[in-house]
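Results of the structural survey
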Amino acid sequence: MSTDTTTPGTPADRMPALYIGHGAPPLLDDPVWSGQLRTWARDLPRPKAILIVSAHWESAPLSLSASHAPLVYDFGGFAPKYYQMTYETPDASDLARRIAATMPRTEPVHQHRSRGLDHGAWVPLRIMYPQGDIPVLQMSMPTHDPGRLMEIGRRLRPLRDEGVLIVGSGFLTHGLPFLREFRIEAAAPGWSKDFDAWAGEALARGDVDELASYRDKAPGMPYAHPTVEHYSPLFVTLGAATDPATPGEQVIRDEFWMGLSKRSLQVA
C-alpha cells in the first residue's frame, strides 16, 4: 500500500495498534473526551489506511465493510442530527485485498458490498480523522475467543509496517443494564471501578493470560460485561502488537464516562 520509496517495516512506516472506547453518538459533543481522542490522533504518525474492529459487528465468517457504503446508524433515542451525519472516506479496496491475503484458509474473509461503518467505527474516527481523507475498513468479530482474536491480530500485524492503523473499538466496562445515572459525569459504580483497576494492572504487566481469563478472574463480572463484545476487540489489538506481553501505553486511564471506563491503550 505504500506509495513512497520507504522500505516497508521501517519505523517511518510502522503504525501502532490501538484499543479505544468509542462511546455513544453524544461523544461527538463531549469536549473532554473528544479532545483527548483528537490529541491522540494528532500525536500519531499519519496512517495510510485504517482497519477498525468494532464491538457492534459480530459476524462470522470474518467480514469487511464496503467502501462508500452508507453509515450504519445502529442506535436509538438520540437527537436527529446524529442520523444525518456522514463520514465519506476514499476507496479501501487495496486494504481489503491485503487483509484477505494475510488470513489462512481456515479464516475466510467475506467482502460485503453494502455494509458501511457502524457507530463504534465512525463516531471515534469522525473525531480523530475528521477530514475523512484516509481509506477505512471495518472488520467483523467472528468470535469472542481471546486466543482466536489474538491470532487474527497477529495475522494483521504486518499491515502496520505498511502504514495501516489497526484499531479495536469497544469499552473497557459496558454494564449498561446496571447503570443508574445516564449523565456523562455520573460516578462510576463499584463494579466498573474494580474491573477497570484490575484490567489496568494486568495491562501494565503485559499479562495477556490474566486479561484472557476475565470471566473467572476479573472483579466486577458479570456486571462490567453482561455481554462481552465491547471487551473482545482488545484481543485483536494485543495480537497485533509486536510483542503482546510487552506493556503498551495506557493513553487514557482512570477516567469514566457515564460510569463506564474510558481506559484506552496503544501498543507498539
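Residues numbered from 1 in each chain as written. Predicted model: local features only at pLDDT ≥ 70, side-chain atom pairs only at ≥ 80, totals over all residues. Heavy atoms only, no water.

1. Brief notes about the pairing of strand β5 (residues 136-141)
The line we're drawing: For the exposure calls, accessible area comes from a 1.4 Å probe over protein chains only, and a residue counts as buried if that area is under 20% of its type's maximum, exposed if over 50%, partly exposed in between. Strands here mean DSSP runs of E at least two residues long; helices mean DSSP runs of H or I at least four residues long; both are numbered from the N terminus. Strand pairing requires that DSSP identify at least two bridges connecting the strands.
Burial analysis of β5 places six of its six residues in the buried class, which makes it a mostly covered element. Bridge count for strand β2 (residues 49-58) against β5 is five bridges, and the pairing is parallel. Considered in β5, the bridge of I50 is made with V136.

2. A short note on unusual backbone geometry
Geometrically, the link from A60 to P61 is a cis peptide bond, its omega value of 0° lying close to zero. You can see P61 is positioned in the loop between β2 and β3 (62-64). The peptide bond linking M221 to P222 adopts the cis configuration, its omega dihedral lying at 0°. By the secondary structure assignment, P222 is in the loop between α7 (214-217) and α8 (233-240). Notably, H68 is not glycine yet its phi reads approximately 65°, a positive angle. By the secondary structure assignment, H68 is in the loop between β3 and α2 (93-102). Its identity as a non-glycine residue notwithstanding, D254 has a phi of 55°, on the positive side. Among the structural elements, D254 can be located in the loop between β7 (249-252) and β8 (256-257).

3. Re the pattern of salt bridges
The condition is simple: By convention in these notes, a salt bridge is any Lys or Arg side-chain nitrogen within 4 Å of a carboxyl oxygen on Asp or Glu.
Within this structure, the stated rule accounts for 17 salt bridges. Residues D29 and K81 are paired through a salt bridge, measuring 2.9 Å at the closest nitrogen-oxygen approach. With D29 in the loop between β1 (17-21) and α1 (31-43) and K81 in the loop between β3 and α2, this residue pair connects regions lying 52 residues apart in the sequence. Classification of K81 by relative accessible area gives partly exposed; the value is 40%. The residue R115 makes a salt bridge to D118 at a minimum N-O spacing of 3.2 Å. Residues R115 and D118 agree in their burial class; the two are buried.

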